[in-house]
Amino acid sequence: MSAAAQGTSKAAHGDVAPKKKKGPGALATAYLVIYNVVMTAGWLVIAVGLVRAYVARGSYHGLYYSIEKPLKFFQTGALLEILHCAVGIVPSSVVLTGFQVLSRVFLTWAVTHSVREVQSEDSVLLFVTAWTVTEIIRYSFYTFSLLNHLPYLIKWARYTFFILLYPMGVTGELLTIYAALPYVQKTGLYSVTLPNKYNFSFDYYTFLILIMISYIPRKSIGRLHFPLQKSAIRKTGYTG
Amino acid sequence: MDLHLKVEVLDAKTREQLCFLDKVEPHSTIGDIKSLFYKLYPRWYPARQSLTLDPKGKFLRDEEILQSLPVGTTATMYFKDLGPQLGWTTVFFAENIGPLLIYLLFYFRVPYIYSDRCAFTSSPHKVVTMACVCHTFHYLKRLIETIFVHRFSHGSMPLRTIVKNCLYYWGFSAWLAYYINHPLYTPPSYGEVQVHYAMVIFAICEMGNFSIHLSLSHLRGDRSRGRRFPVPSKNPFTWLFFFVSCPNHTYEVGTWVSFSIMTQCLPVAVFTVLGFIQMTVWAKGKHRAYVREFKDYPAVRVAIIPLIL
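What you are looking at is a predicted structure, and each value in this text was computed from that prediction instead of being measured. Counting restarts for each chain, with residues numbered from 1 along the sequence as it is written. Naming scheme: in the order in which they are written, chains are lettered from A and ligands are numbered from 1. Where local features are concerned, this predicted model is filtered to residues with pLDDT of at least 70; where side-chain atom pairs are given and counted, the filter is 80 or more; whole-chain, interface and lining totals use all residues. For the side-chain quantities, the full set of heavy atoms in the structure was used; hydrogens and water were omitted.

A. Representation of the overall build of chain B in the model. Regarding its fold elements, chain B presents seven helices and six strands. Secondary structure elements are taken from DSSP: a helix is a run of H or I of four residues or more, a strand is a run of E of two residues or more, and numbering for both begins at the N terminus. Its helices and strands in sequence order give chain B the pattern β-β-α-β-β-β-α-α-β-α-α-α-α, from N to C terminus. Scaling as 2.2 N^0.38, a compact globule of 309 residues should have a C-alpha radius of gyration of about 19 Å, whereas chain B reaches 25 Å, well beyond that. Only protein chains enter the accessibility calculation, which uses a 1.4 Å probe. A residue is then buried if its area is under 20% of the maximum for its type, exposed if over 50%, and partly exposed in between. When each of the 309 residues of chain B is scored for burial, the buried share is 43%. Restricting to contacts in chain B with at least 6 residues of sequence separation, those with at least 24 account for 72%. Accessible surface, chain B as shown: approximately 17200 Å² in total, 66% of it carbon and sulfur. The average position of the 32 basic charges and that of the 21 acidic charges among the side chains of chain B differ by 6 Å. To get the radius of gyration, use the C-alpha atoms; to get the globule rule, take the number of residues to the power 0.38 and multiply by 2.2 Å. For this analysis, residues touch if any pair of their heavy atoms sits within 4.5 Å. Using the Shrake-Rupley algorithm and a 1.4 Å probe, accessible areas are obtained, with residue cover drawn only from the displayed protein chains. Only four residue types enter the tally: Lys and Arg on the positive side, Asp and Glu on the negative side; His and the chain ends are excluded. In this description, the location of a charge corresponds to atom NZ of lysine, CZ of arginine, CG of aspartate or CD of glutamate.

As structure tokens, then:
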């Protein structure tokens, strides 16, 4: 029952409160509830920020700037989830969770933040919106699960919205990376050329292209995993 | 009274009966059962067979004797196909021949790697040639050891693992060979001194590593005195056994550290770090196995780095 899709999907870890097995203790549960509540609130702030900015400006353009700081803060904060898995209070794979969170953090910092020119692209809005809706649902799902009171609506929303949000997010992410390519090539961003003292080179432009190619296997696996998890839960009832 | 046992082999997944062996000698081994099974199913040679007493249990070793197992007069075993297997010698050979040849492709600057006008040229730096000599020597030594020195315990390894391992070793050697033999390669900051010191350490570690392999091989070969753990001998290189359980790994790390210093190349350092992590995992496992098996195992010994790790 471990993690499903990566990047924009809803399932970073499996269901968080296994009371039948050796679940987290009372203290860990309290901490996790607080963590998930804070994250839900954070992404709600981003959602509200997006809506307010849209209403104020009257257009989709450049909405990134209105939520830049909370986006960076809360998306980066998700790195804690890797720690949760490592320590064992969340029953998910460290590797899988790590891949997903790092993929998001990479897009936030190494692409969107680093390449100023893509920040006004519509593709950024596309993935930010997908992430925002996804995370609000996901974190509230975990919060309720931990409190052993999961409204069916949230569970339904999580698995249903995924169908739209997942491709939306992947598209936004790919288009953003694609938009960044010419600027990376021109400025040699994050690249190291020969000759140098340590006899090493790195071409960030090629690296980004490889990342784009890697979306094909990575996202297909995620696309398949998540519905499987959904049907597994359908059969056993909710496992919260 | 019929002292013979019956053995039935079921498929671990489908529970379908694959074979029923009548009149099996009680002192037959699992290996014997596998041979009999192989006669009925020629595509499943013994190395591919996993036989267990419990569908989810651990596989039975070939040396186990039937009558010492917790079975009644009819032994029920579960069969799983482990997939195509290759012998350890083949595996080691494949893993080591790749880096040897690939590095040479880069050293001789075969066309299409670097720009056209550099094809088949050679580097003006002496260290590049020295590095090639060292790298080639290292892998030749490994190949020779594989054929003449190592005695492998288990029979084989699955094909998938071999592909993965080869990709890793071959890939890394291509990556580091690319930079060392590059037309824009920069020799080490401290020049000849750095290269010479590194070569000395390299030579010591290679000799050390070889000494340990010989020592371990003799230990394996001499079964007459039962199982023993390795101890230092008259050869000074084996004195590292006073401090660590796996000095072969210690020396190997030393080899790659010296190669990193010699070439002052970051990819080599990365390979060294990854190798160190992997070898530490192996050494710790071996160390734990030794401590568990031998009550008189020297307490001062640690796994791989004297007094530290």
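From this point, the narrative continues.
B. Fine view of the interface of chain B and chain A. Residue-level contacts link 12 residues of chain B with eight residues of chain A. Buried area: the accessible surface (1.4 Å probe) lost by two parts on joining, summed over both. Roughly 900 Å² of surface becomes buried between chain B and chain A when both sides are summed, with 59% attributable to carbon and sulfur atoms. One side-chain nitrogen of Lys or Arg within 4 Å of one carboxyl oxygen of Asp or Glu is enough to make a salt bridge. Inspection of the chain B/chain A interface yields zero salt bridges. Pairs of N or O atoms are called polar contacts if they sit within 3.5 Å, as long as, within protein, a hydrogen donor faces a hydrogen acceptor (for residues adjacent in sequence, only side-chain-to-side-chain pairs). Applying the counting criterion to the chain B and chain A interface returns six residue pairs in polar contact (both at pLDDT 80 or more).

C. Summary view of the environment of B:Leu21. Residues and elements named next belong to chain B. Checked against the element boundaries, Leu-21 lands in strand β2 (residues 17–24). Residue classification places Leu-21 among the buried residues on the basis of a relative accessible area of 11%. C-alpha of Leu-21 to C-alpha of His-135: the two residues are 114 residues apart in sequence and 53 Å apart in space.

D. Representation of unusual backbone geometry within the structure. All names here are of chain A. Here the amide bond leading from Leu-194 into Pro-195 is cis, since omega sits at -10 degrees, within 30 degrees of zero. With respect to the helices, strands and loops of the structure, Pro-195 is situated in the loop between α6 (152–187) and α7 (204–236). Residue Asn-199 is not a glycine yet carries a positive backbone phi of 50 degrees. With respect to the helices, strands and loops of the structure, Asn-199 is situated in the loop between α6 and α7.

E. Molecular detail of the pairing of β2(B). Here five bridges tie strand β1 (residues 5–11) of chain B to β2(B), and the two strands are oriented antiparallel to one another. Among the inter-strand pairings, B:Val9 is bridged to a residue of β2(B), identified as B:Cys19. Strands pair, by our definition, only if DSSP identifies at least two bridges between them.

F. Quick peek at the packing of aromatic side chains. When the centres of two rings from Phe, Tyr and Trp lie within 6.5 Å, Trp using its six-membered ring, the rings pair. Their planes under 30 degrees apart give stacked, over 60 give edge-to-face, and anything left gives tilted. Per the stated rule, a full pass over the model turns up 43 aromatic pairs over all chains. Seen in terms of ring centroids, A:Phe127 and A:Trp131 are 4.7 Å apart; in terms of plane orientation they differ by 45 degrees. Their pairing is tilted. Of this pair, A:Phe127 and A:Trp131 both sit in helix α5 (residues 122–146), four residues apart, which is roughly one turn of the helix. Placement of a charge over a ring requires the Lys NZ or Arg CZ to be within 6 Å of the ring centre, with the centre-to-atom vector within 35 degrees of the ring normal. The ring of A:Phe141 carries A:Arg158 above its face, with NZ or CZ at 4.3 Å from the centroid. The positively charged end of B:Arg109 is found above the aromatic ring belonging to B:Tyr114, 5.9 Å away from the centroid.

G. Molecular detail of the UniProt feature "domain: TECR-like N-terminal" (unreviewed entry) in chain B. UniProt positions are given in the numbering used here, feature names are shortened, and annotations may be inferred rather than shown by experiment. As annotated in UniProt, the feature "domain: TECR-like N-terminal" (unreviewed entry) corresponds to residues 6–81 of chain B in the numbering used here. Regarding residues 6–81 of chain B, the helix share stands at 14% and the strand share at 34%, and the terminal C-alpha atoms are separated by 22 Å.

H. Geometry of the confidence of the model for chain A. All names here are of chain A. As a per-residue measure, pLDDT tells how confident the predictor is, with possible values from 0 to 100. Across chain A, the average pLDDT comes to 85, with 84% of residues at 70 or higher. For chain A, per-element mean pLDDT is lowest for α7, which scores 77, and highest for helix α2 (residues 64–77), which scores 96. This model gives residues 1–21 a pLDDT under 50, and the stretch forms 103 contacts once residues within four places in sequence are excluded. When the criterion is pLDDT under 50, residues 235–240 qualifies, and its contacts beyond four places in sequence or with other chains add up to 11 contacts.

I. Fine view of the pattern of salt bridges. Under the definition given, this model contains 11 salt bridges over all chains. Across the pair B:Asp81 and B:Arg48 runs a salt bridge, and its minimum N-O distance is 2.8 Å. With B:Asp81 in strand β4 (residues 74–81) and B:Arg48 in the loop between α1 (30–40) and β3 (49–52), the pair connects residues that are 33 residues apart, well separated along the chain. Note that B:Arg142 and B:Glu252 form a salt bridge whose closest N and O atoms lie 3.0 Å from each other. Of this pair, B:Arg142 sits in helix α3 (residues 126–149) while B:Glu252 sits in helix α6 (residues 247–263); the two residues are 110 residues apart in sequence, bridging distant segments of the chain. One continuous salt-bridge network, built from bridges that share partners, spans A:Glu81, A:Arg104, A:Glu135 and A:Arg138.

J. Fine view of the side chain of B:Asn96. Residues and elements named next belong to chain B. Following the sequence through the fold, Asn-96 ends up in helix α2 (residues 88–107). A distance of 2.8 Å separates the side chain of Asn-96 from the side chain of Arg-142, its partner in a polar contact. The residues contacting Asn-96, other than those within four sequence positions of it, are Tyr-139, Arg-142, Leu-143 and Thr-146.

K. Highlighting the pairing of β4(B). All names here are of chain B. Sheet topology places β1 next to β4; six bridges connect them, and they run parallel. Opposite Lys-6, over in β4, you have Thr-74 as the bridge partner. Where β3 lies against β4, four bridges are found, and the strand directions are antiparallel. Directly across from Ser-50, in β4, lies its bridge partner Lys-80.

L. Molecular detail of the sheet that holds β4(B). Residues and elements named next belong to chain B. Across the sheet, four strands lie side by side as β2-β1-β4-β3; this open sheet has mixed pairing. The open sheet is flanked by β2 and β3, the only strands paired with a single partner. For this sheet the average axis-to-axis angle between neighbouring strands, irrespective of direction, equals 25 degrees. Axis angles are defined between N-to-C directions and span 0 to 180 degrees, where every axis is a line fitted to C-alpha atoms and, for a helix, only to the segment in contact.

M. Seen up close, the environment of B:Gly98. Position of B:Gly98 among the secondary structure elements: in helix α2. Separated by 76 residues in sequence, B:Gly98 and B:Ala174 place their C-alpha atoms 9.3 Å apart.

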